[in-house]
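# Notes for the structure review
What follows is each chain in one-letter form.
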Amino acid sequence: KWTPKLCEEVACDRADRPQLVMAEVLPSDEHPAIRETETFLGCGYCHEAFPEKRELQVHIKMTHEGKEYHSVPAPMPQREQGLLKKAPSMAISRNIPLSEVNRHCIPEDCWVALNGKVYDLSEFMDRHPGGPTTIVAWAGKDASKFFNDIHKGVKIDSYLRPEAFQGDLGLDESLMSDNFYHTLREARIAEVKEELDRILSQVSGGGKADSVSRLLQDKSISADLKMKLQRLETQKRAALDSEDYAKAAEIKKSVEALLADDDHAHLHDVPLDQAANCNIPLSEVARHNKPHDCWVALNGCVYDLSDFLLQHPEQRNAILAWAGRDATAVWNKIPGRFPSANWMEFYMRPEARMGDIGKEPEVDPKLAQIRQLQDELWKLEGPSAEEIQAAKAAAQKVPGTTDAPTLGEEARFPKLKEISAGKELPFFSRAEVAKHNSAEEPYMIIHNKVYNLKSLMGGHPGGDDILLSRAGTDATKDFEVFEHSEKARVQRDRDMLVGQLVPAEATDWSAEATVAQVVGEETSETGRYLRYKAYDVALVTIGWYLYKTLQNRKPLSQFTYSRALRHLHLIMAVGIFGAVGTAQAAQHCEGQTKKQLLWWHKQTGIAMLGAILMRIFFRMRSGIPPRFPGNKLVQMIETQSLRVFYALAVLLPVSGIANEYFLKWAPGSESTGKEEDDKRNDRLAKQSIDTHKILGKFLQYAFLPFHLGYTTMYHYSQGRGVVRKVSPFI
């Protein structure tokens, strides 16, 4: 299975030190160019091999009793091959506790638990079709439910490299406790440090980082360089989230320029020059594993598919799964799709071919061992508290990743800060939110935050229809139109907040024009001019009304309504038609226009209520004219119709005011300490607005047509004008 290529033995000194042999081993299931290099001592009496002389001495003494020490060149033994492929944590235990997963929570060390397995997604996040920020949001957490909701039936292992699998989630408490796991981890850290120090003492100038990820893990580099690298990496992730691959490529060049600077070039061994178009080793291909820098090996050749991804976004998933890898293993499995002969014939251009797969460069075995131990030590130690804070600080300084809602909502409602303080919310893209548009899991975006409205279904004062009509969308403008109180917003964030938008897709609510659009502050010069002119027209109308009233002050006959009642009749008429008209118009409008119409709907309703209450007062003091002559049935219908009208004129504004009271002013859990009060207020608010809507539809579609049509036609047939009952000037 393994083909050894043996080198010359190193000369032994007088102390009969073991002969160190460099053996290049070839795995049968990989491309012939992939080789691993290591030093091993083989037993001269059997097929066993060991990395250290003392281990071979013990083996000969115990197994080959009486034999002298004798070593021969040997390839890497099978047990070492297995350990080399396993994650460092699996050397401690097959299973990994969630507390260990929680520790790996930064982009450079990103572990995520999925369906009982733990994966290191640090390498995969940049080629994740949904962008890296979603993965970073779940770093150190169990994302099984979120993953299954979005990627039903997807096998994550097919997109990952084998070394990404870290182990199974959860310890068997009968075999090992959580505390004992971390005790073993600390012991292993001490062993690795001791071994690393021993090897470094034998090598001069070794151990420099050969990749950006290893450089960010290096605790010896300056804090300034690490901060700059983290900031650029965060900008790159934001660009990948928004699928701005050109910007991501520019950021990659900025990273290379930073590392090539004279002040930093001596601190690392990160390759900055692109391989020539000839024989390219797979280790070089592995470096190009991102959407903006995508190389794929296929049938012994290397192809650069970066430009192809820009032109064919529909094929990104299939190609990015093999970015930086050899896709020969899945050749022609699905004809017509990547990678297949039909696909290559139709899509592949000659200029995409970079060269042939070449032999891996020789690696100093000591240097390879140093890097393996450094990687193991990093995984075992995990990021420090300072590194976690540095990663967060880098994200905060990236343009477009600030806490956008602060100026838009939290500045107006300070209690919201207390609810979200200390919460690390997962990130969602708008495309992911759009998938949650059903009654089973209705998601909604409000001020760049994502809410699951399932608990609100059946209890929303505005009804479930309005929630479902906006499920999966950004409903910030509609939310602000209805002027929700601070209490409602606090309850919303406390009970329904599940995440936030990825920074690249967040709306900058700090922009003055955007805030004005939502909260109702018009910044346009034309808008202000028209508003002031509307006020002028209103003042002129009121002045004209008062003037006409003063011109008609003579007393009326006792057989007619008093002028006070006529004024109230006019106000009631304006209130009724204004309330009905604004409600009807608001149904066909959105945004700021809808908000203004609803404001006028409330004002006209209040005017109608005030007029009907004053009418009751003046009606008792006014001369009551006799009934109009006519049939008894006709008189009875008119009397009852008027009574129904007065009842509607009172109940409609009262039900609207009740809804406003229970939403904004009724004492809730904040004052009483009982959550039942909030539920009661929500229930009563919903009942009030439902009653208001039913009465409004009855008034608009049934009563007004009947009442106005009936009375107008009857009095007109008798030669009397209905306008006299309304106008105070006739």
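Quick caveat: nothing in here was measured; it's all calculated off a predicted structure.

## Section: the packing of helix α6 (residues 178-200) against helix α14 (residues 365-381)
- Where α6 contacts α14, the axes come no closer than 10 Å and their chain directions differ by 155 degrees. Taken as axis vectors, α6 and α14 run roughly antiparallel relative to one another. Our pair here, α6 against α14, has a crossing hand that is left-handed. Seen from α6, the contacting residues are Arg185, Arg188, Ile189, Val192, Lys193, Glu195, Leu196, Ile199 and Leu200; seen from α14, they are Lys366, Gln369, Ile370, Leu373, Gln374, Glu376, Leu377, Leu380 and Glu381.
- When its residues are assigned to classes, the contact of α6 with α14 shows nine nonpolar, two polar and seven charged.

## Some points on the side chain of Asp109
- Here Asp109 is to be found in strand β9 (residues 109-114).
- Polar side-chain contacts of Asp109 include one of 3.4 Å to the side chain of Trp111.
- Ignoring sequence-local partners within four residues, the contact set of Asp109 consists of His104, Ser122, Trp378, Lys379, Gly382 and Pro383.

## Description of the pairing of strand β20 (residues 449-452)
- On β20, burial covers both faces: Lys449 and Tyr451 on one face and Val450 and Asn452 on the other are all buried.
- Bridging between strand β19 (residues 443-446) and β20 involves four bridges; their strand directions are antiparallel. Bridge assignment links Ile446 to a residue of β20, and that residue is Lys449.
- Linking β19 back to β20 in an antiparallel pair, the connection comprises two residues, with His447 at a positive phi of about 50 degrees.
- Bridge analysis of β20 against strand β21 (residues 497-501) gives three bridges, and the strand direction is antiparallel. The residue of β21 that forms the bridge with Tyr451 is Leu497.

## Here we look at helix α8 (residues 223-241)
- Between its first and last C-alpha, α8 extends 27 Å over 19 residues, near the 27 Å set by a 1.5 Å rise per residue.
- Of the residues flanking the end of α8, it is Glu243, one or two places downstream, whose phi is positive at about 60 degrees.

## Some remarks on the sheet that holds strand β5 (residues 49-50)
- Taken together, the three strands give an open sheet; going across it, the order is β5-β4-β6, and neighbouring strands pair in antiparallel fashion. Edge positions in the sheet fall to β5 and β6 (71-73), since each of these pairs with one other strand and no more.
- In this structure, strand β4 (residues 41-43) lies alongside β6, joined through three bridges in antiparallel fashion. Each bridged residue has a counterpart across the sheet, and for Gly42 the counterpart in β6 is Val72.
- Helix α1 (residues 53-63) contacts β4, β5 and β6 of the sheet and is inclined by roughly 5 degrees relative to β4.

## Focus: the nonpolar core
- Counting residues in hydrophobic clusters, the biggest one holds 26 residues, and the most contacted among them are Leu114, Leu121, Ile156 and Leu160.
- Secondary-structure elements contributing two or more residues to this core are β9, α4 (132-137), α5 (144-150), β18 (427-428) and β19.
- Grouped together as the second largest cluster of nonpolar side chains are 20 residues, Val296, Cys301, Ile319 and Ala352 included.

## Let's talk about the confidence of the model for the protein
- Predicted confidence across the protein gives a mean pLDDT of 75, with 77% of residues reaching 70 or more.
- Here strand β1 (residues 5-6) stands out as the element of the protein with the lowest mean pLDDT, 32, in contrast to strand β10 (residues 117-120), whose mean of 92 is the highest.
- Throughout residues 397-407 the model reports pLDDT below 50, and contacts reaching past four residues in sequence, or to other chains, amount to 24 contacts.
- Every residue in residues 511-523 scores below 50 in pLDDT, and together they form 28 contacts with partners more than four places removed in sequence or on other chains.

## Re the packing of α8 against helix α9 (residues 245-260)
- At a minimum axis separation of 8 Å, α8 and α9 run at an interaxial angle of 165 degrees. Classified by the interaxial angle, the pair formed by α8 and α9 is roughly antiparallel. Like other packed secondary-structure pairs, α8 and α9 cross with a definite hand, here left-handed. Mapping the contact onto sequence places Leu225, Lys228, Leu229, Leu232, Glu233, Gln235, Lys236, Ala239 and Leu240 in α8 and Tyr245, Lys247, Ala248, Ile251, Ser254, Val255, Leu258 and Leu259 in α9.

## Some details on the environment of Ile616
- Looking at the element boundaries, Ile616 is found in helix α25 (residues 591-621).
- On the basis of relative accessibility, which here comes to 45%, the residue Ile616 falls in the partly exposed class.
- Put simply, Ile616 and Tyr646 are 30 residues apart on the chain and 9.7 Å apart in space, counted from C-alpha to C-alpha.

## Notes on the environment of Glu191
- Locating Glu191 in the fold gives a position in helix α6.
- Among the residues examined, Glu191 registers a relative accessible area of 45% and is labelled partly exposed.
- Sequence-wise, Glu191 and Leu377 are 186 residues apart; in three dimensions their C-alpha atoms are separated by 9.6 Å.
- Looking at Glu191, its side chain comes within polar contact range of the side chain of Arg188, at 3.1 Å.

## Observations regarding the state of the cysteines
- What the rule picks out here adds up to zero disulfides.
- This cysteine, Cys110, is not joined by any disulfide, and Cys105 carries the nearest cysteine sulfur, 9.0 Å off.

## Observations regarding the packing of aromatic side chains
- If you walk through the whole model with that rule in mind, you get eleven aromatic pairs.
- Relative to Tyr347, the ring of Trp343 has its centre 5.4 Å away and its plane inclined at 40 degrees; by these criteria the two rings are tilted. A residue pair is termed a helical-turn pair when its members lie 3 or 4 positions apart in one helix, as Trp343 and Tyr347 do in helix α13 (residues 341-347) at four residues.
- Trp343 sits in the buried class, given a relative accessible area of 1%.
- Chaining the aromatic ring pairs together yields one cluster made of Phe308, Phe338, Trp343, Phe346 and Tyr347.
- Lying over the aromatic face of Trp322, Arg325 brings its terminal NZ or CZ to 4.3 Å of the ring centre.

Calculation rules
- Chains are numbered independently. Their residues run from 1 in the order of the written sequence.
- With pLDDT at 70 or above as the cut-off, local features in this predicted model cover only qualifying residues; side-chain atom pairs require 80 or more to be listed or tallied, and sums for whole chains, interfaces and linings still use all residues.
- Note that the side-chain values use all heavy atoms of the structure and ignore hydrogens as well as water.
- Here an axis means a line fitted to C-alpha atoms, over the contact stretch when the element is a helix, while the angle between two N-to-C directions is reported on a 0 to 180 degree scale.
- Elements are defined by DSSP. Helices are runs of H or I of four residues or more, strands are runs of E of two residues or more, and each kind is numbered from the N terminus.
- Small angles under 35 degrees read as roughly parallel and large ones over 145 as roughly antiparallel, with 65 to 115 read as roughly perpendicular and the rest as oblique.
- Take the far helix as your reference; a near helix turned counterclockwise from it by less than a right angle gives a left-handed crossing, and one turned clockwise gives a right-handed crossing.
- Note on definitions: a residue-residue contact is assigned when non-hydrogen atoms from the two residues lie within 4.5 Å.
- In the scheme used here, Gly and all other residues not listed as nonpolar or charged are polar, with Ala, Val, Leu, Ile, Met, Phe, Trp, Tyr, Cys and Pro taken as nonpolar and Asp, Glu, Lys and Arg as charged.
- Any pair of nitrogen or oxygen atoms within 3.5 Å is treated as a polar contact; in protein, a donor-acceptor pairing is required on top of that, and neighbouring residues in sequence qualify only through side-chain atoms on both sides.
- Each residue gets one of three labels from its accessible area relative to the maximum for its type: buried under 20%, exposed over 50%, partly exposed in between, using a 1.4 Å probe on protein chains only.
- For two strands to be treated as a pair, DSSP must find at least two bridges joining them.
- Take the number of residues in a helix, subtract one, and multiply by 1.5 Å to get its expected span.
- As used in this record, nonpolar core signifies buried Ala, Val, Leu, Ile, Met, Phe, Trp, Tyr and Cys residues forming a set joined through side-chain atoms within 4.5 Å.
- Scored from 0 to 100, pLDDT reflects the predictor's confidence in each residue.
- The definition used for a disulfide is geometric: two cysteine sulfur atoms within 2.5 Å.
- Only Phe, Tyr and Trp rings take part, Trp by its six-membered ring, and two of them pair if their centres are within 6.5 Å. Stacked means planes under 30 degrees apart, edge-to-face means over 60, and tilted covers everything else.
- A ring has a charge above it when a Lys NZ or an Arg CZ is no more than 6 Å from the ring centre and no more than 35 degrees off the ring normal.

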